[in-house]
There are 2 protein chains.
Amino acid sequence: MKKIIFNILFLFTVLYLSAQDGHQLWLRDKQAVPVTVICSESSPTLSIARQELKEGWQGKPKTSITLIIKKDKALKDDGFRLGKNSIQANTDIGILYGVYEMLRRQQTSEPINNEVFNPSYERRILDHWDNLDGTVERGYAGNSIFWREDDPFTVTDHDKTLWQQYARANASIGINGSVLNNVNASPLILNADYLARAKAIANVLRPYGVRVYLSVNFASPSTLGNLKTADPLDPSVIAWWKNKVKEIYSIIPDFGGFLVKASSEGQPGPQNYGRTHADGANMLADALKPYGGIVMWRAFVYTANDNDRAKQAYSEFMPLDGKFRDNVIIQVKNGPVDFQPREPFSPLFGAMKKTSVMPEFQVTQEYLGHSVYVVFLSTMWEECLKSDTYQQGAGSTVARCTDGSIYPQKYTAIAGVSNVGLDTNWCGNQFAQANWYAFGRLAWNNTLQSQQIADEWIKLTFYKDPSQKLSEANYAADWNKNFLAPVKQMMLESREAAVNFMMPLGLHHIMSANGHYGPGPWWHPKGVRADWTPPYYHQASTYGIGFDRTKKGSDAVSQYHEPLASQFDNLKTCPEKYLLWFHHLPWDYKMKEGNTLWDALCRHYEKGVNQVREFQKIWDKAGPYVDSTRFMEVQGKLREQCMNAILWKDACQLYFQQFSKRPIPYDLERPINNLDDIMANEFKHKND
Amino acid sequence: MKKIIFNILFLFTVLYLSAQDGHQLWLRDKQAVPVTVICSESSPTLSIARQELKEGWQGKPKTSITLIIKKDKALKDDGFRLGKNSIQANTDIGILYGVYEMLRRQQTSEPINNEVFNPSYERRILDHWDNLDGTVERGYAGNSIFWREDDPFTVTDHDKTLWQQYARANASIGINGSVLNNVNASPLILNADYLARAKAIANVLRPYGVRVYLSVNFASPSTLGNLKTADPLDPSVIAWWKNKVKEIYSIIPDFGGFLVKASSEGQPGPQNYGRTHADGANMLADALKPYGGIVMWRAFVYTANDNDRAKQAYSEFMPLDGKFRDNVIIQVKNGPVDFQPREPFSPLFGAMKKTSVMPEFQVTQEYLGHSVYVVFLSTMWEECLKSDTYQQGAGSTVARCTDGSIYPQKYTAIAGVSNVGLDTNWCGNQFAQANWYAFGRLAWNNTLQSQQIADEWIKLTFYKDPSQKLSEANYAADWNKNFLAPVKQMMLESREAAVNFMMPLGLHHIMSANGHYGPGPWWHPKGVRADWTPPYYHQASTYGIGFDRTKKGSDAVSQYHEPLASQFDNLKTCPEKYLLWFHHLPWDYKMKEGNTLWDALCRHYEKGVNQVREFQKIWDKAGPYVDSTRFMEVQGKLREQCMNAILWKDACQLYFQQFSKRPIPYDLERPINNLDDIMANEFKHKND
């Protein structure tokens with residue numbers, strides 16, 4: 001009998017453990033405490049708010065919570081006021097955001113003090129690079145949750161459940177927009193069939209306050225509409241877009257607008273017709289304007305023949321400053337090149353003073369280890385948001401230059417390229433969920449600190465994971481000490497670790513060619529445009545390494561406002577983290593701490609590997625506090641990350657050593673890969 | 001002008017450097033000092049002796065050296081007396097050995113003091129596992145130098161040059177016999193065509209004192225001779241072998257004899273006809289006896305149905321002790337299983353008191369990393385030779401039990417399974433040459449210490465490698481300190497390192513199934529006999545690990561003479577290096593140093609990896625003292641070894657952890673491979 005009970009208990013434990021597969025994200029089921037919810041109004045959104053409170057209440061039992069919708073000037077947009085027993089907002093969705101904030105504070109043991117919460121950006125958007133055939137460009141978590149190849153237009157209950165879970169997750173962190181398809185957009189998205197599906201998605205997302213947006217192909221009027229041109233000044237083109245927008249709004253009345261990648265990396269754009277970005281964007285903006293729609297026009301443009309790709313977005317867009325409609329927002333990647341592990345901020349931030357600008361971050365880890373690496377990107381985004389542009393004096397941070405604090409923008413917005421896919425855990429790696437979470441939190445409050453975001457996410461995602469090994473008595477104290485503290489440390493250090501083992505000291509764009517996973521500093525096949533090859537960026541020679549962007553070089557420094565231009569230009573003041581971004585230096589250049597550049601470079605690579613090894617120890621020690629499914633998933637990912645970190649270290653040390661002709665400092669661990677083997681494997685994967 | 005000279009010098013250096021590809025082994029070209037050689041007799045062997053002195057003399061210029069052939073009772077077999085100005089021996093080959101010893105002493109700066117040098121074993125033989133199609137079983141240095149598939153019977157000048165270089169290398173270290181073909185012998189070797197080629201080989205080897213032997217297939221009379229049987233007691237069979245032996249000696253008058261693997265691993269043998277090993281071996285011995293030939297009969301036998309493979313050679317051969325002819329030598333592998341990284345000595349050594357016994361070592365690294373690992377096997381062989389069997393009281397070492405010191409054997413012999421192939425550097429890995437060298441040196445003098453052998457080999461192989469980085473003035477002192485000392489340390493530690501990262505604490509036979517490279521402790525497919533699978537040997541369970549060979553287990557301990565039987569049987573006295581060879585112990589068994597068995601096991605694996613990392617540092621630091629070709633070859637091998645050491649560590653820690661259910665001690669580096677991936681790759685290679 002005893003044995004049977006034990007077996008039943010064991011079975012129960014196993015089932016319960018296996019239930020923790022990460023699908024619930026930071027919104028795990030709770031054993032709710034009874035609560036009374038008082039609300040005089042009703043709507044689908046308010047029903048959700050009520051339900052969330054009832055199912056998630058962790059406060060005092062039998063509390064009464066009043067939900068109050070009342071105009072309040074202190075509250076802007078989706079803001080809310082959080083009291084101990086009330087949530088007040090201008091809108092239903094404001095109430096819902098307040099509910100999620102209240103529940104979060106209960107779970108993370110943060111106080112509730114009748115505070116006002118307002119979002120930093122009006123539009124907080126996830127860009128899905130989802131193709132209509134269901135694949136996801138730079139997606140590492142399975143296929144699209146929105147589109148599929150087989151039976152593409154039937155909307156199943158399973159679809160709706162998934163979209164609802166997705167919308168709820170977004171709402172819980174304040175995300176209020178989703179671009180449903182890839183910026184490399186198929187014109188077909190504007191076909192009736194796909195628009196009908198977009199409508200179905202919008203219907204599920206709407207109660208959660210998430211509006212849908214679409215990426216459009218600039219050539220749609222000709223490729224889809226059979227017009228002879230897509231010239232934005234052509235009356236038939238203008239009419240085509242007007243009609244299309246009208247059609248969209250007839251189907252999706254709260255449609256958010258268009259995202260456009262034009263005249264970039266082979267995508268059609270106004271320049272195909274001798275027009276400017278402003279001509280193109282404004283034409284679309286005019287079509288959207290009557291309905292309150294916006295155009296997010298990407299500044300990610302570069303041509304093959306420029307001597308410094310990092311300068312081009314600025315060079316091309318600055319002359320157009322002031323020429324855009326007020327419902328056009330220029331979407332600018334955080335750095336001037338392309339979502340690298342570390343870049344200085346894009347000089348367009350703050351520089352475009354008469355044009356709306358929005359930051360674009362990449363939540364999916366295209367250049368940061370796909371779904372393999374544990375890299376908490378919050379610190380990278382925080383670094384960007386807090387960068388001072390000096391465009392309107394000290395304190396003109398990227399955050400303040402884009403959120404309306406400094407420049408009066410009609411619309412403010414921020415975008416993150418989504419890492420969501422059909423994988424059970426949504427993001428491929430349990431820890432990649434933290435990046436989705438962090439993007440939402442920073443979009444809501446761009447002054448948040450990464451350590452707080454990590455703290456919240458860990459508590460929400462892992463606290464009181466089933467464990468047979470710990471006594472209830474000391475659980476909280478044990479957990480704080482043995483799980484929360486070390487895991488938070490790992491997260492906060494993780495991006496710097498990745499920079500160290502991939503591209504330290506300002507190196508950038510030296511990854512493997514197509515997959516963008518693993519090292520490839522040598523890649524430069526004949527016929528490939530130079531600015532797509534790593535040697536263009538690292539410029540390694542027997543003399544030294546780095547891209548000279550000083551005044552004597554490409555002069556990219558001058559795109560920054562003083563004192564930055566001089567600071568970056570001058571070796572004495574240039575931050576070492578940007579050293580090789582701005583300077584080409586001899587191998588024996590003396591670093592501040594006394595090492596030569598070569599030795600310092602080698603040491604950064606080694607440090608990065610050792611940091612990942614330390615993460616492995618942290619996670620293994622945290623084992624008793626995590627269900628086995630998620631524990632083992634992350635453990636496996638960290639192993640693979642460490643293997644790849646060693647590959648990065650070996651590849652870069654050995655490749656650059658061919659130029660430096662100096663020994664790897666003898667106290668450092670030696671490579672375990674031969675360069676020839678790495679290169680052979682890399683080229684084998686090239687055509688993947 | 002200065003620049004031209006510099007360029008010429010540079011060119012010269014490069015050419016000279018690239019000439020050091022390892023093909024010259026430990027016999028590199030020297031800038032000889034003039035010497036006068038006086039010898040009253042002449043023979044091909046004496047011509048070689050004279051030439052070697054003239055081309056290699058490094059002593060006082062214009063010394064006169066007298067070569068004296070004179071009977072001297074102090075000199076046995078191939079022995080010689082080395083004086084400052086004379087070499088005296090009973091035979092021409094004794095003179096040649098003396099010459100090599102003299103030149104070696106000059107190069108290694110060892111004194112010459114009118115000493116007598118006698119070999120420990122009369123027959124010092126390399127066994128080539130070379131197949132007649134040119135492949136080499138367990139060969140990792142290219143195809144056979146003796147046999148080839150295309151145009152197999154033409155003897156080219158290139159063949160002869162290679163055989164002559166091979167013979168010279170052997171002579172220089174005292175090896176005087178070569179078994180030309182695989183112990184898994186094709187009957188075709190006894191065909192006239194192949195015998196003709198063996199004759200051609202013998203003709204080249206003869207002046208260097210190297211006799212040829214052949215492996216024969218016991219079924220040859222039926223498979224090759226078309227007899228109805230190969231029964232050793234059948235008169236027609238006896239006659240067939242007599243005729244065949246006569247034919248061989250008519251072609252190769254100094255033919256050495258036969259090596260036979262019979263009734264083992266599918267090879268035919270006397271047991272196929274209901275006869276004993278003695279019946280089989282004696283029949284062949286009788287045929288060879290008139291010509292002075294010997295039979296080397298392998299004791300490597302085991303059947304699938306025994307409960308302990310380690311016991312079987314002993315069980316099968318001990319009852320036959322005293323039943324063999326005096327020209328039969330039982331060839332016994334160093335350990336009771338199969339050339340594993342560490343085994344206790346085979347209990348047959350010293351136990352067979354009325355039968356000649358010879359040790360068989362494996363120079364080729366079948367179980368020790370092929371041509372990838374740097375593993376100096378001398379320490380392993382030294383460990384075996386110095387093991388005390390106690391069979392005739394303390395001091396009855398394996399060496400003394402086989403070299404005639406204790407038992408009067410008509411013939412004494414020792415065999416090493418060759419690691420030689422067509423690779424430019426002969427052995428696949430520059431450091432594998434040291435194992436060829438060490439085998440010869442230990443066969444000559446089985447009391448030599450590995451540290452002396454390593455010292456000699458390093459000096460002969462690397463001293464004064466061209467280097468632009470060192471001044472002539474301090475070269476010797478610098479070299480001793482920065483190259484000789486650390487590289488010697490690496491060699492002497494290398495086998496223990498391999499044991500640590502592969503099979504520590506007495507573990508054995510847990511390698512990957514077919515290739516015998518890398519880990520495979522999990523391998524046990526259905527239908528494969530248990531004693532070919534690792535779980536048979538490690539016996540891991542949730543209780544513990546190890547093979548119980550105590551008196552309560554398989555009782556293999558009782559095959560050892562006291563006090564060993566009791567010592568191995570008793571946990572208090574069993575050496576930890578043999579712990580899991582003799583004992584099955586719980587995971588939490590307390591080791592002498594205080595760790596649990598599980599923790600100790602994990603720590604051994606980690607230690608092994610770190611030892612290899614240290615070797616990499618040693619070698620990298622030694623870079624300035626080695627030509628770039630050999631430096632980079634070894635550097636690449638060490639990298640691969642380290643990668644594989646990590647794979648071993650990860651695989652074994654993770655596989656055994658499934659049973660131990662204990663954490664890898666948290667201060668240890670974590671695995672970077674996932675067990676599933678390792679196993680998937682291993683099974684992928686299984687059919688290679």
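Residues numbered from 1 in each chain as written. Chains lettered and ligands numbered in written order. Predicted model: local features only at pLDDT ≥ 70, side-chain atom pairs only at ≥ 80, totals over all residues. Heavy atoms only, no water.

1. Some points on the overall build of chain A
Cut-off, in case you're wondering: Every helix listed is a DSSP run of H or I at least four residues long, and every strand listed is a run of E at least two residues long, numbered separately from the N terminus. C-alpha atoms define the radius of gyration, and 2.2 Å times the number of residues to the power 0.38 defines the globule rule. Each residue is placed in one exposure class: buried if its accessible area under a 1.4 Å probe, protein chains only, is under 20% of its type's maximum, exposed if it is over 50%, and partly exposed if it falls in between. Here, residues are in contact when the closest pair of their heavy atoms is within 4.5 Å. What sets the accessible areas is the Shrake-Rupley method with a 1.4 Å probe; for residues, cover comes only from the shown protein chains.
Within chain A, the regular secondary structure consists of 20 helices and 15 strands. A globule of 688 residues ought to have a C-alpha radius of gyration of about 26 Å, and chain A, at 26 Å, matches this closely. In terms of its C-alpha atoms, chain A occupies a principal-axis envelope of roughly 75 × 75 × 50 Å. The buried share among the 688 residues of chain A stands at 61%. Relative to all contacts within chain A whose residues are 6 or more apart in sequence, the contacts with residues 24 or more apart total 71%. Working note: accessible area of chain A is about 25,100 Å², and carbon and sulfur atoms make up 52% of it.

2. Examining the domain arrangement of chain A
The figure often quoted for interface size is the accessible area lost as the parts come together. All names here are of chain A. Filter applied, for reference: Where a domain begins and ends is set by an automatic assignment or by a domain database. Accessible-area loss on putting two parts together, using a 1.4 Å probe and summing over both, is the definition of buried area adopted here. Basic side-chain nitrogens of Lys or Arg form a salt bridge, by our definition, when they fall within 4 Å of a carboxyl oxygen of Asp or Glu. Side-chain atoms alone can form a polar contact between residues adjacent in sequence; in general such a contact is a pair of N or O atoms within 3.5 Å, and within protein one must be able to donate a hydrogen while the other accepts it. Any residue that is not Ala, Val, Leu, Ile, Met, Phe, Trp, Tyr, Cys, Pro, Asp, Glu, Lys or Arg is counted as polar, Gly included; the first ten are nonpolar and the last four charged.
Looking at chain A, the domain boundaries give domain 1 (25–106), domain 2 (123–462) and domain 3 (504–547 + 584–680). Between the C-alpha centres of domain 2 and domain 3 the distance comes to 30 Å. Across the boundary between the two partners, domain 2 contributes 26 residues, which contact 26 residues of domain 3. Both sides together, the interface formed by domain 2 and domain 3 hides about 2,300 Å², and carbon and sulfur atoms give 53% of it. Scanning the region where domain 2 abuts domain 3 turns up zero salt bridges. Where domain 2 meets domain 3, there are 18 residue pairs in polar contact (both at pLDDT 80 or more). Across the side of domain 2 that touches domain 3, the residue classes break down as nine nonpolar, 11 polar and six charged.

3. Regarding the sheet that holds strand E9 (residues 257–260) of chain A
All names here are of chain A. As a reminder, the rule being used: A pair of strands is treated as paired once DSSP finds two or more bridges between them. Every axis corresponds to a line fitted to the C-alpha atoms, with the helix fit spanning only the stretch in contact, and the corresponding angles, defined between N-to-C directions, vary from 0 to 180 degrees.
Around the barrel, eight strands lie side by side as E6-E7-E8-E9-E10-E11-E12-E13; this closed barrel has parallel pairing. For this sheet, the mean inter-axis angle between neighbouring strands, taken without regard to orientation, is 25 degrees. Across five bridges, strand E11 (residues 328–333) lies against strand E12 (residues 356–362) in parallel orientation. Opposite isoleucine 330, over in E12, you have valine 357 as the bridge partner.

4. Quick word on the relation of the copies chain A and chain B
Quick reminder of the rule: Overlaid copies result from least-squares superposition on C-alpha atoms, with residues included only where pLDDT is at least 70 in both.
Superposing chain A onto chain B requires a rotation of 180 degrees together with a translation of 0.0 Å along the rotation axis, leaving an RMSD of 0.0 Å. Viewed as a symmetry operation, the transformation between the two copies matches a two-fold axis. It is methionine 643 of chain A whose C-alpha, among those of chain A, lies nearest the rotation axis, at 5.1 Å. Looking at chain A, 100% of its interface residues are interface residues in chain B too, so the copies touch through the same face.

5. Here we look at the confidence of the model for chain A
Here is the rule: Confidence of the prediction at every residue is given by pLDDT, a number between 0 and 100.
For chain A, the average pLDDT comes to 94, and 95% of its residues sit at 70 or higher. On the interface metric, ipTM, the complex scores 0.92, and its pTM is 0.94.

6. Things to note about a negative patch on the surface
Residues and elements named next belong to chain A. Stated precisely, the cut-off is as follows: Patches draw on residues past 30% relative accessible area with no salt bridge. Two like charges within 9 Å are joined, as are two nonpolar side chains (Val, Leu, Ile, Met, Phe, Trp, Tyr) within 5 Å. His residues and chain termini do not enter the charge count, which takes Lys and Arg as positive and Asp and Glu as negative. Throughout, a charge is located at the NZ atom of Lys, the CZ atom of Arg, the CG atom of Asp or the CD atom of Glu.
Taken together, Asp133, Glu149, Asp150 and Asp151 make up a surface patch of like negative charges. Looking at where glutamate 149 falls in the secondary structure, it is placed in the loop between strand E6 (123–127) and helix H4 (157–173). Residue classification places glutamate 149 among the exposed positions, given a relative accessible area of 59%.

7. Section: the pairing of strand E11 (residues 328–333) of chain B
Residues and elements named next belong to chain B. So the rule is basically this: With strands facing away from the observer, any crossover in which the path from the first strand over the helix to the second runs clockwise is taken as right-handed.
In terms of burial, E11 is a largely internal element, six of the six residues being buried. Every second residue of E11 is oriented toward a common face, with Val328, Ile330 and Val332 on one face and Ile329, Gln331 and Lys333 on the other, all of them buried. Taken together, the four bridges between strand E10 (residues 294–298) and E11 define a ladder with parallel strand orientation. Bridge pairing in E11 places arginine 298 opposite glutamine 331. Handedness of the crossover joining E10 and E11 through helix H9 (residues 312–317): right-handed.

8. Looking at the interface of chain A and chain B
If you look at the interface, chain A gives 21 residues, while chain B gives 21 residues. For the pairing of chain A and chain B, the buried interface totals around 2,100 Å² over both sides, and the portion due to carbon and sulfur atoms is 55%. Broken down residue by residue, the surface that chain A buries against chain B is led by Arg639, Tyr666 and Ile672 of chain A, which jointly contribute 31%. Our enumeration of links across chain A and chain B arrives at four salt bridges. Here aspartate 620 of chain A ties to arginine 670 of chain B by a salt bridge, and the two come within 2.6 Å at their closest N and O atoms. Inspection of the chain A/chain B interface yields 11 residue pairs in polar contact (both at pLDDT 80 or more). Breaking the side of chain A that touches chain B down by element, the ones donating at least two residues are helix H18 (597–621) and helix H19 (628–660) of chain A. Here the side of chain A that touches chain B is built from residues that sort into eight nonpolar, four polar and nine charged.

9. Comments concerning the pattern of salt bridges
Under the defined criterion, the tally for this structure stands at 73 salt bridges over all chains. Among the salt bridges present, the one from glutamate 496 of chain A reaches arginine 342 of chain A, with a minimum N-O distance of 2.8 Å. Within this pair, whereas glutamate 496 of chain A is found in helix H14 (residues 475–502), its partner arginine 342 of chain A is found in the loop between E11 and E12, the two being separated by 154 residues in sequence. Exposure remark for glutamate 496 of chain A: the relative accessible area of 32% places this residue in the partly exposed category. Across the pair glutamate 360 of chain B and arginine 298 of chain B runs a salt bridge whose closest N-O atoms are separated by 2.9 Å. Placement of the pair is glutamate 360 of chain B in strand E12 (residues 356–362) and arginine 298 of chain B in strand E10, with a sequence separation of 62 residues. The exposure classification of glutamate 360 of chain B matches that of arginine 298 of chain B, with both residues buried. Salt bridges sharing partners connect three or more residues here, namely Glu101, Arg104, Arg105, Arg441 and Glu456 of chain A.

10. Quick look at the pairing of strand E4 (residues 86–89) of chain B
Residue and element names in this part refer to chain B. With four bridges connecting them, strand E2 (residues 63–69) and E4 associate as parallel partners. Looking at the pairing, isoleucine 68 lines up with glutamine 88 of E4. Relative to E4, strand E3 (residues 80–82) runs antiparallel, the two being bridged by three bridges. Note that in E4 the partner of arginine 81 across the bridge is glutamine 88. The turn joining E3 and E4, which pair antiparallel and follow one another in sequence, is formed by three residues.

11. Considering helix H8 (residues 277–288) of chain B
All names here are of chain B. Our working rule: Helices are assigned an expected span. That span is 1.5 Å times one less than the residue count.
The end-to-end C-alpha distance of H8, which contains 12 residues, comes to 17 Å, matching closely the 16 Å that a straight helix rising 1.5 Å per residue would cover. Summarising burial for H8: 10 of the 12 residues are buried, a large majority. Buried positions along H8 lie against helix H7 (235–251), strand E9 (257–260), E10, H9 and E11. Measuring from the backbone nitrogen of alanine 278 back to the side-chain oxygen at the start of H8 gives 3.2 Å, which picks out threonine 276 as the cap.

12. Details of the packing of aromatic side chains
Residues and elements named next belong to chain A. Using the following cut-off: The aromatic pairing rule takes the rings of Phe, Tyr and Trp, using the six-membered ring of Trp, and pairs them if the centres are within 6.5 Å, calling planes under 30 degrees apart stacked, those over 60 edge-to-face and the rest tilted.
By the definition in use, this model includes 93 aromatic pairs over all chains. Arranged with centres 4.4 Å apart and planes meeting at 10 degrees, the rings of tyrosine 249 and tyrosine 291 form a pair that is stacked. Of the two residues, tyrosine 249 is situated in helix H7 (residues 235–251) and tyrosine 291 in the loop between helix H8 (277–288) and strand E10 (294–298); the sequence distance between them amounts to 42 residues. On the accessibility criterion, tyrosine 249 (7% relative accessible area) is buried. The partly exposed category is assigned to tyrosine 291, whose relative accessible area is 34%. When the ring of tryptophan 479 is compared with that of phenylalanine 483, the centres are 5.5 Å apart and the planes differ by 25 degrees; the resulting orientation is stacked. Note that tryptophan 479 and phenylalanine 483 are positioned in helix H14 at a spacing of four residues, about one turn of the helix. Taking relative accessible area as the criterion, tryptophan 479 reaches 1% and is therefore assigned buried. Phenylalanine 483 sits in the buried class, given a relative accessible area of 0%. Taken together, the aromatic side chains of Phe431, Trp457, Phe462, Tyr463, Tyr475, Trp479, Phe483, Trp619, Tyr625 and Phe631 make up a single cluster linked through ring pairs.

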